[in-house]
Amino acid sequence: PKKCMVQHTLCPFIAIMGHSILNSVASLSSFLPSCKPFNLQVADLYCSACKCALCEDCLPNHAEHPKVALSQALEQHRNNLQERLGTVQDRLPQISDVLSFVKEILQQLTNQRASIEEDIQSSFEDLHKQLDVRKSVLLMELEVTYGLKQKVLQAQIDSLLRGEGDITTTCTQAEEALAGDPCVASLQVERELWERLGELAGLGLPCQPEENDQLDLVMETDGLRKSIHNLGTIVTTSAVASQSEAMGAGLEQCIVGHPASVTIVTRDKSGGACKSGNAILSAEVFTPDGSIVDGEIVDHKNGTYEFVYTVPKEGDFSLALRLYDQHIKGSPFKLTVTKTLEAELDVGAKRRGKSPGQKKKGSKRASSALGTPRRKTQNPIEDDLIFRIGTKGRNKGEFTNLQGVAASSNGRILIADSNNQCVQIFSNEGEFKSRFGVRGRSPGQLQRPTGVAVHPSGDIIIADYDNKWVSIFSCEGKFKAKLGSGRLMGPKGVSVDQNGHVIVVDNKACTVFIFQLTGKLITKFGSRGNGDKQFAGPHFAAVNKNNEIIVTDFHNHSVKVFTLEGELVLKFGSNGEGNGQFNAPTGVAVDINGNIIVADWGNSRIQVFDGSGSFLSYINTSADPLYGPQGLALTSDGHVVVADSGNHCFKVYRYLQ
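Residue positions are counted from 1 within each chain, in the order its sequence is given. At least 70 in pLDDT is required for a residue's local features to be given in this predicted model, at least 80 for side-chain atom pairs to be given and counted, and no such filter applies to totals for whole chains, interfaces and linings, which use all residues. The basis for the side-chain values is all heavy atoms of the structure; hydrogens and waters are excluded.

Looking at an unreviewed UniProt entry, one finds the protein named Tripartite motif-containing protein 2, with Astatotilapia calliptera as its source organism. UniProt positions are given in the numbering used here, feature names are shortened, and annotations may be inferred rather than shown by experiment. Quoted verbatim from the Pathway (unreviewed entry) heading of the UniProt record, the comment on the protein is "Protein modification; protein ubiquitination." Its UniProt record gives the protein a comment under Catalytic activity (unreviewed entry), which states: "S-ubiquitinyl-[E2 ubiquitin-conjugating enzyme]-L-cysteine + [acceptor protein]-L-lysine = [E2 ubiquitin-conjugating enzyme]-L-cysteine + N(6)-ubiquitinyl-[acceptor protein]-L-lysine."

Laid out in structure tokens, this is it:
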């Protein structure tokens, strides 16, 4: 019948689109004529203004309205629906990616929970053991102290009892003699009793107590109970990257060689400001080619953080601020790095004719801003580049922000590839051997490896800055243990002393920690500041033949030497570009003669000092200039290997000891 004509026209359309889009298809009811009841004769027209099909009776009412053919309207609606369907379907890959990422976060959260639970159990078991040991010591001390005092008192009692017995016996004998009749026969006995009584009368007996009964227990439990009550804290925040933001002059512009500051405000998913610290925040300043500039993040413990960085040359840079590995609002930011206002006025129009890397006339540095400073001509050392390995990338032999370097006695070079979350191993000749590391925040995973060292046992020790612990792997790359969890805030460099203890340089805490390989803390020293025994962003450490610890103090532009107990032995260096001066020292190593080799990050050079801190020379890097060198080590065949972080490679130089 004609009444079903419109419905029959739509039925194939609805059947094709399927059940999942019935709500959208329901809108097609607008194709029915608007009159009620409508004429059984439906015109092949559609009113665009009223959005309905027209019957013959209602055509006059729509005479002035724009109309199109019904078939055209049906096609247009179908196209609109198809477009909307495509738009919605395009969201599925994004949702799938987010779903995978959130599941990964949940899995890492679950793993972290298990790890923390293990740490809690282990820590309290250790405390129980310590308490049991202390309990045994106290009980033993009690028994020893009691025994000594009891021995004195018992000896006094025994002496008094003997004296009492002698006196009683002699007195009884004398009384019996006096009770008898005097005679010549008893005279001798009485004389002996008289002499014996004389002796007893003058007998020296311990008639005053030779000990006392004091045996008390002083147990200062209030402080301990309070400490136990506050022992351990589960640290977290509700901060999310999508709501957190940055502000400050350092977001857009900074001056060459001058610290710039950026403030980061963390917020929760609703945009509310977070009030506590300890969020996992990372910051990187880099050039268009990916070269990294170092900096320091300060946690104000109130939900805000300050990132302070210094750029060694002018040009265009980018600043990436990540919260839990995700960019915050506006990140990455574009930075313009310029000279000081005075320098701008001095060079005027000439500045436009210079390359960004050129120095003003009279500079002590080479013509390339990233080159090695001129060597001290009276003490040249012709140490040439042997080879370089690496380019920017994520494959074998490629690096992204390599940091720490170590060399093993069996001819291996180990590189902490920070942003690739792995350690790569090469031969002394630069041949790739292996790599290991899986990104993550669970034990055995790496989040930001910055320091690497080789233990005499062959184990590989890795400082993980973002995971805030040190991981220990076998020489094959199999995870064995972690240490420093809950103590470290931002471990940067690691080394091993002659006792096999692990030296950890905590960049964030400005403290040097010394651990046993089992994880037991032996000692720690250092705090934030510019004093002789203080640090400002310390980076790496080495150990000399006297078993002293040599630490590079980045923002204090100096190198400091300490005993294992934390006593300062030597300090040398100041801020500048001259011989023996530093612009933020990083890597450090010691040769067999006790000479100290230092990577000078801001000046992009390597300096050599004797054991007393006197400048000797530079290593010649002019043929292939460094850019922001980081870790540094001496290979088993006596060469210097350095992580050329800004150039995404490591370089090996001849070194004449």
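Peer 1: I keep staring at the nonpolar core and nothing clicks. Help me out?
Peer 2: If you look at soluble globular proteins, the nonpolar side chains tend to sit buried side by side. Each nonpolar core is a collection of buried residues, namely Ala, Val, Leu, Ile, Met, Phe, Trp, Tyr and Cys, held together in the definition by side-chain atoms within 4.5 Å. Burial status follows relative accessibility: with a 1.4 Å probe on protein chains alone, a residue under 20% of its type maximum counts as buried, one over 50% as exposed, and anything between as partly exposed. Core analysis: the biggest nonpolar cluster contains 31 residues, and Ile264, Val285, Phe307, Tyr309, Leu319 and Leu321 have the highest contact counts within it. Numbered from the N terminus, helices here are DSSP runs of H or I no shorter than four residues, and strands are runs of E no shorter than two. Among the elements that take part in this core, strand β11 (residues 315–323) stands out by supplying four residues, more than any other. By definition, residues are in contact when any of their heavy atoms lie within 4.5 Å. Apart from residues no more than four positions distant in its own chain, leucine 321 is found in contact with Ala246, Val262, Ile264, Ser282, Ala283, Phe307, Gln326, His327, Ile328, Ser331 and Phe333. Of all hydrophobic cores here, the second largest spans 15 residues; its members include Val559, Phe572, Val588 and Phe609.

Peer 1: Teacher, can you tell me more about the sheet that holds strand β25 (residues 511–515) here?
Peer 2: Sheet strands pair via backbone hydrogen bonds, and the direction of the pair is either parallel or antiparallel. Spatially, β23-β24-β25-β26 is the arrangement adopted by the four strands of the open sheet, whose pairing is antiparallel. Bordering the open sheet on either side are β23 (491–496) and β26 (521–525), each of which pairs with just one other strand. Strand-to-strand twist of the sheet, defined as the mean angle between neighbouring strand axes without regard to direction, takes the value 20°. By the bridge criterion, four bridges tie β25 to β26 in an arrangement that is antiparallel. Looking at β26, one finds that phenylalanine 513 is bridged to lysine 524. Paired strands are those between which DSSP finds at least two bridges. For helices, the fitted axis covers only the stretch in contact; all axes are lines through C-alpha atoms, and the angles between them, taken along N-to-C directions, range from 0 to 180 degrees.

Peer 1: Which parts of the structure should I look at to understand the pairing of strand β29 (residues 558–562)?
Peer 2: Note on strand geometry: in a regular strand, side chains alternate between the two faces of the sheet. With five of five residues buried, β29 lies mostly within the body of the structure. Burial along β29 is two-sided: the face carrying Ser558, Lys560 and Phe562 and the face carrying Val559 and Val561 are both buried. Alignment of strand β28 (residues 549–553) against β29, held across five bridges, turns out to be antiparallel. Among the inter-strand pairings, valine 551 is bridged to a residue of β29, identified as lysine 560. In this antiparallel pair of consecutive strands, β28 and β29, the connection spans four residues, and histidine 557 shows a positive phi of 55°. Inspection of the sheet shows β29 paired to strand β30 (residues 568–572) by four bridges, in the antiparallel sense. Across the sheet, the residue bridging to lysine 560 is lysine 571, located in β30. Taking the residues between adjacent antiparallel strands as the criterion, β29 and β30 are bridged by five residues, where glycine 566 takes a positive phi near 90°.

Peer 1: Where do I start with helix α5 (residues 184–201) in this structure?
Peer 2: Think of an α-helix as turning once every 3.6 residues; residues three or four places apart then point the same way. Here α5 is 18 residues long and its end C-alpha atoms lie 26 Å apart, about the 26 Å a rise of 1.5 Å per residue gives. The set of residues buried in α5 consists of Ser186, Leu193 and Leu200. Relative to the axis of α5, the buried residues are bounded by an arc of 35° and lie together on one face. Facing away from the buried side of α5 by more than 90 degrees, the exposed set consists of Val184 and Trp194. In this fold, the buried residues of α5 make contact with α4 (91–179). By this rule, a helix spans an expected 1.5 Å times one less than how many residues it contains. In this context, the arc is that of the directions from the helix axis out to the C-beta atoms.

Peer 1: Would you mind going over the sheet that holds β29 with me for this structure?
Peer 2: The sheet built from four strands is open, its strands ordered β27-β28-β29-β30 with antiparallel pairing. In the strand order of this sheet, the two ends are held by β27 (538–543) and β30, each with one partner. Between one strand and the next, the sheet's axes are offset by a mean angle of 20°, whatever the strand orientation.

Peer 1: What's the story with the side chain of aspartate 299 in this structure? I'm lost.
Peer 2: Position of aspartate 299 relative to the elements: it lies in strand β9 (residues 295–299). From its side chain, aspartate 299 meets the backbone nitrogen of asparagine 278 in a polar contact 2.7 Å long. Identification of polar contacts relies on pairs of N or O atoms within 3.5 Å, with a donor-acceptor requirement for protein atoms, meaning one able to donate a hydrogen and the other able to accept it, and with residues adjacent in sequence counted only if both atoms are side-chain atoms. Within the structure, the side chain of aspartate 299 is placed 2.8 Å from the backbone nitrogen of lysine 301, a separation counted as a polar contact. Beyond its immediate stretch of four places on either side in the chain, aspartate 299 contacts Gly277, Asn278, Thr304 and Tyr305.

Peer 1: Looking at this structure, I do not really get a nonpolar patch on the surface. What am I missing?
Peer 2: Within the patch definition used here, like charges are joined within 9 Å and nonpolar side chains (Val, Leu, Ile, Met, Phe, Trp, Tyr) within 5 Å, considering only residues with over 30% relative accessible area and no salt bridge. Note that accessible areas follow from Shrake-Rupley with a 1.4 Å probe, and for residues the cover is restricted to the protein chains shown. Here a salt bridge means any side-chain nitrogen of Lys or Arg lying within 4 Å of a carboxyl oxygen belonging to Asp or Glu. A contiguous nonpolar surface patch, about 490 Å² in accessible area, is contributed by Ile116, Ile120, Phe124, Leu127, Leu231 and Ile234. Within the secondary structure layout, leucine 127 lies in helix α4.

Peer 1: Any chance you could explain the pattern of salt bridges here in plain terms?
Peer 2: Enumeration over the complete set of coordinates arrives at 21 salt bridges. Residue aspartate 624 is joined to arginine 388 by a salt bridge in which the shortest nitrogen-to-oxygen separation is 2.9 Å. Taken together, the residues aspartate 624 in the loop between β34 (615–618) and β35 (629–634) and arginine 388 in strand β14 (residues 385–389) connect sequence positions 236 residues apart. Note that aspartate 600 is salt-bridged to arginine 605, the shortest N-O span being 2.8 Å. Among the residues examined, aspartate 600 registers a relative accessible area of 0% and is labelled buried. On the accessibility criterion, arginine 605 (0% relative accessible area) is buried. If you follow the salt bridges from partner to partner, you end up with Arg388, Asp624, Asp644 and Lys651 in one network.

Peer 1: Help me understand the environment of leucine 483, please; the structure alone is not making it clear to me.
Peer 2: Assignment of secondary structure puts leucine 483 in strand β22 (residues 479–483). A relative accessible area of 2% places leucine 483 in the buried class. C-alpha separation for the pair leucine 483 and isoleucine 472, spaced 11 residues apart in sequence, amounts to 8.0 Å.

Peer 1: Sorry, what's going on with the packing of aromatic side chains here?
Peer 2: A ring pair, where both rings are aromatic, is described by two values, the distance of the centres and the angle of the planes. To pair, rings of Phe, Tyr and Trp, with the six-membered ring standing in for Trp, must have centres within 6.5 Å; the planes then decide the type, stacked if under 30 degrees apart, edge-to-face if over 60, and tilted in the middle. In the structure shown here, the tally under the stated rule is 16 aromatic pairs. With centroids separated by 6.0 Å and ring planes inclined at 50°, the aromatic side chains of phenylalanine 399 and phenylalanine 426 adopt a geometry described as tilted. Of this pair, phenylalanine 399 sits in the loop between β14 and β15 (402–407) while phenylalanine 426 sits in strand β17 (residues 422–427), and the two are 27 residues apart along the sequence. Residues phenylalanine 582 and phenylalanine 609 carry aromatic rings whose centres are separated by 5.5 Å and whose planes lie at 45° to one another, so their mutual orientation is tilted. With a gap of 27 residues between them, phenylalanine 582 in the loop between β30 and β31 (585–590) and phenylalanine 609 in strand β33 (residues 605–609) connect regions that are remote in the sequence.

Peer 1: For this particular structure, what's the right way to read α4?
Peer 2: With 89 residues, α4 extends 127 Å between its outermost C-alpha atoms, agreeing within 8% with the 132 Å of an ideal straight helix rising 1.5 Å per residue. Burial in α4 covers these residues: Gln108, Ser115, Lys149, Gln156, Gly163, Thr170, Ala174 and Ala177. On its buried side, α4 packs onto α5 and β22.

Peer 1: Help me understand unusual backbone geometry in this model?
Peer 2: Note: most peptide bonds trans; most residues except glycine with negative phi. In the segment running from serine 331 into proline 332, the intervening peptide bond is cis, with an omega of 0°. You can see proline 332 is positioned in the loop between β12 (326–327) and β13 (333–338). Positioned with a positive phi, lysine 51 is a non-glycine residue whose angle comes to about 55°. Looking at lysine 51, the relative accessible area reads 54%, which means it is exposed. Unusually for a residue other than glycine, alanine 584 sits at a positive phi of about 75°.

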